[in-house]
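The chain contents come next:
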Amino acid sequence: MKPTTLDQAVAAVMITMFIAFATLPGTVSADEDPWKFRFAVVSMNPSSGQFVVSESDERFSYQSDGGVGVAIDFEYRASRRLGIDFGVISASPGFTVDVDAEPLSVSASSDIRITPIYAALNIHLTPDSRFDLYLGPLLAYVTYDSFELVAGTELREGFSAEEDLGFGAVLGLDIGLGSGRWSLTTAVRYLNTTLEASPSDGGVGKTDIDPMIFSVGFGYRF
C-alpha cells in the first residue's frame, strides 16, 4: 500500500528524530551494559470496524479477536534517559466479517498474521530505579500475510494483502530482578496501521486495524 501524505509526513518527522537522538553524544560507558535484549509473549488486539471496497464503496462490518504471538527487541541506551529500540512483533488475531447479500447473511472468519518491524525512541523516566518506566514514539513497517476467509466447507475466498507503514507509541516497564542483568519486562504499544487486501478476482478493500499490543517477558542487559 502506498503511504498517505500524512503517513509520509509523520514518518519523515520520526526518522529525523531517531537520527537526531542517535547522533547525540552518549553518556553510557561500555562497562554499564548499554544494550538490552527483550523476549516477550504478546496479545495483539485490533479494533473492530468496516472494510471499505474502494471501487464500489461497499462496506462490510467485522469484529476482531485478540491473537497471541511473540516479540523480540534490542535497545541501545544512547544516554541515561534515551534508548533506541529495534524489534519485531508477530501475532495472528482473528477476524469475523459479516456479508449481507440478500436474501442471505453470511459470516466468514480468518486469522491474519500481522508482523510489525519497528524502531522506537524510548524515553526513560526513572533510569536509576529498579522500576525503569519508559515511553516514546515508534515507527513500523507492517507486513500482512495472505489469508482466506472461510464461511463453510464450500464457501471460502483467498486474499492477498499489502504492506503498510505505521506509527504509534509505547509505554513500558522493566523491573530489575535482584542485582543481576535480568529483568521482568512488560509493555503496551499502540500502532496506527491500515490493512489493504484484495481477492483474486479484483476489488480492493481497506480498513484501519490499529491494534493495541500487550506484552510480558524477560530482558537481559549486556
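Everything numeric in this text was worked out from a predicted model, so none of it was measured.

Strand order around the closed barrel formed by eight strands is β1-β4-β5-β8-β9-β12-β13-β16, with antiparallel pairing between neighbours. Strand-to-strand twist of the sheet, defined as the mean angle between neighbouring strand axes without regard to direction, takes the value 25°. One ladder, built from ten bridges, connects strand β1 (residues 35-45) with strand β16 (residues 212-221); its direction is antiparallel. Bridged to A40 within β16 is G217.

As a further point, take the side chain of T115. Relative to the assigned elements, T115 resides in strand β8 (residues 114-124). Accessibility expressed as a relative area gives 13% for T115, which makes it buried. Engagement of the side chain of T115 in a polar contact is seen with the side chain of S90, the distance being 3.1 Å. Not counting chain neighbours up to four residues away, the residues in contact with T115 comprise V88, I89, S90, Y141, V142 and T143.

Tracing the chain through its elements places A91 in strand β5 (residues 82-91). Separated by 20 residues in the primary sequence, A91 and D111 place their C-alpha atoms 9.4 Å from one another. Residues in contact with A91, not counting those within four places in the same chain, are V42, M44, G67, V68, G69, I112, R113 and I114.

Membership of the largest hydrophobic core comes to 30 residues, with the highest contact counts inside it found for I89, I112, I114, L138, Y144, L195 and I209. Broken down by element, this core gets its largest block of residues, five residues, from strand β9 (residues 131-144).

With that out of the way, let us pick up the packing of aromatic side chains. Centre-to-centre distance and the angle between the planes together describe a pair of aromatic rings. The tally for this structure, following the rule as stated, stands at seven aromatic pairs. On the numbers, 5.2 Å between centres and 50° between planes, the contact of W35 with Y76 is tilted. Within this pair, whereas W35 is found in strand β1, its partner Y76 is found in strand β4 (residues 67-77), the two being separated by 41 residues in sequence. Note on F51 and Y62: the rings are 4.8 Å apart at their centroids and 45° apart in plane angle, and the pair reads as tilted. Here Y62 lies in strand β3 (residues 59-65) and F51 lies in strand β2 (residues 49-53), a separation of eleven residues in the sequence. Y62 shares its class with F51; the two are buried. One aromatic cluster in this structure is built from W35, Y76 and F222.

With that settled, the discussion passes to the layout of surface pockets. Roughly 660 Å³ of internal volume is contained in the largest pocket. Taken together, 25 residues make up the lining of the largest pocket; nearest its centre are F60, V99, L149, E157 and F159. Contributions of two or more residues to the lining of the largest pocket are made by β2, β6 (94-101), β7 (104-111), β10 (147-150), β11 (156-161) and β14 (194-199). Along the lines of polarity and charge, the residues of the lining of the largest pocket split into 16 nonpolar, five polar and four charged. Reported here for the second largest pocket is a volume of approximately 520 Å³. Along its surface, the second largest pocket is lined by 26 residues, and K36, R77, P127, D132 and R221 are the ones closest to its centre. Listing elements by their share of the lining of the second largest pocket, those giving two or more residues are β1, β4, β12 (164-176) and β13 (182-192).

Tallied over the full model, the rule gives eleven salt bridges. A salt bridge links D85 to R38, with the nearest nitrogen and oxygen atoms 4.0 Å apart. Residue D85 is found in strand β5, and its partner R38 is found in strand β1; the two are separated by 47 residues along the sequence. The salt bridge partner of E196 is K206, with a shortest N-O separation of 3.5 Å. Placement of the pair is E196 in strand β14 and K206 in strand β15 (residues 205-208), with a sequence separation of ten residues. A relative accessible area of 15% means that E196 is categorised as buried. Owing to a relative accessible area of 38%, K206 belongs among the partly exposed residues under this scheme.

Cut-off values and rules
Per chain, residues are indexed from 1 in the order of the written sequence. It should be noted that, the model being predicted, local features are given only for residues of pLDDT at least 70 and side-chain atom pairs only at 80 or more, the latter also being counted only at that level, while totals for whole chains, interfaces and linings use all residues. Side-chain numbers here rest on the full set of heavy atoms in the structure, without hydrogens or water. For two strands to be treated as a pair, DSSP must find no fewer than two bridges joining them. The numbering of helices and of strands both runs from the N terminus, where a helix is a DSSP run of H or I of at least 4 residues and a strand a run of E of at least 2. Between the N-to-C directions of two axes lies an angle of 0 to 180 degrees, each axis being a line fitted to C-alpha atoms and, for a helix, fitted only over the stretch in contact. Remark: exposure states derive from per-residue accessible area (1.4 Å probe, protein chains only) relative to the maximum for the residue type, with buried under 20%, exposed over 50%, and partly exposed in between. Any pair of N or O atoms that falls within 3.5 Å is considered a polar contact. Within protein, one atom must be able to donate a hydrogen and the other to accept it, and sequence-neighbouring residues count only if both atoms are side-chain atoms. The contact criterion used throughout is that any non-hydrogen atoms of two residues lie within 4.5 Å. Residues enter a nonpolar core if they are buried and are Ala, Val, Leu, Ile, Met, Phe, Trp, Tyr or Cys, with the set joined through side-chain atoms within 4.5 Å. Stacked, tilted and edge-to-face pairs are distinguished by plane angle, under 30 degrees for stacked and over 60 for edge-to-face with tilted covering the rest, among Phe, Tyr and Trp rings (Trp via its six-membered ring) whose centres lie within 6.5 Å. Buriedness for pockets is judged along seven lines, at least five of which must meet protein on both sides within 12 Å for an open set on the 1 Å grid over protein atoms alone, while cavities are sets there where a 1.4 Å probe fits but cannot get out, and lining residues have an atom within 4 Å of a point. Grid points are joined across faces, edges and corners, and a volume is the space filled by probe spheres set on the points. All residues other than Ala, Val, Leu, Ile, Met, Phe, Trp, Tyr, Cys, Pro, Asp, Glu, Lys and Arg, Gly among them, are scored as polar; the first ten of these are nonpolar and the last four charged. For this analysis, a salt bridge means a side-chain nitrogen from Lys or Arg found within 4 Å of a carboxyl oxygen belonging to Asp or Glu.

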